[in-house]
Amino acid sequence: MQKSKCIYPPRRQVNGELTIGENIADNGGLHESFCAYMNSKVVLGEEPRLPGLESYTPEQLFFISYSQVIILTP
């Protein structure tokens, strides 16, 4: 496998000891929003599949969406 020459965004190094609180909060928020999503599926039922993305489960699309927010946040 060849390593990509283009990495976006540029890699940023952070001190994990300084960001631990924010990391825990982000994880807690993701957990709560996923639980809310799963509860909404129980109440509202399964949503229709997105054309062209049928190979992904709704749960996978939830996390793909989350990753897009994280990667695009400056």
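On a predicted model such as this, the values are computed, not experimentally measured, just so you know.

Conventions used here
- Residues numbered from 1 in each chain as written.
- Predicted model: local features only at pLDDT ≥ 70, side-chain atom pairs only at ≥ 80, totals over all residues.
- Heavy atoms only, no water.
- Helix = DSSP H or I, 4+ residues; strand = E, 2+ residues; numbered from the N terminus.
- Buried < 20%, exposed > 50% of the residue type's maximum accessible area, 1.4 Å probe, protein only.
- Patch = residues over 30% accessible without salt bridge, like charges linked within 9 Å, V, L, I, M, F, W, Y side chains within 5 Å.
- Areas by Shrake-Rupley, 256 points an atom, 1.4 Å probe, with all protein chains shown as cover.
- Salt bridge = Lys/Arg side-chain N within 4 Å of Asp/Glu carboxyl O.
- Expected span 1.5 Å × (residues − 1).
- Bend = angle between axes of the 7 residues up to and from the residue.
- Contact = heavy atoms within 4.5 Å.

Q: Could you give an account of the side chain of Lys 41, naming the residues involved and the relevant values?
A: Among the structural elements, Lys 41 can be located in helix α1 (residues 16-44). A residue is classified by how much of its surface remains accessible, and Lys 41, at 13% relative accessible area, is buried.

Q: Give a detailed account of a nonpolar patch on the surface, specifying residues and quantitative values.
A: A contiguous nonpolar surface patch, about 310 Å² in accessible area, is contributed by Leu 50, Leu 53, Tyr 56 and Ile 64. Take Leu 50: it is sitting in the loop between α1 and α2 (58-72). Accessibility expressed as a relative area gives 46% for Leu 50, which makes it partly exposed.

Q: Tell me about α1, residues and numbers included.
A: For α1, built from 29 residues, the straight-helix expectation of 42 Å at 1.5 Å per residue is met to within 8% by its first-to-last C-alpha distance of 39 Å. The largest bend in α1 is about 30°, located at Glu 22. The complete set of buried residues in α1 reads Thr 19, Leu 30, Tyr 37 and Lys 41. Summarising the contacts, the buried residues of α1 are in contact with α2. Of the residues flanking the end of α1, it is Gly 45, one or two places downstream, whose phi is positive at about 90°.

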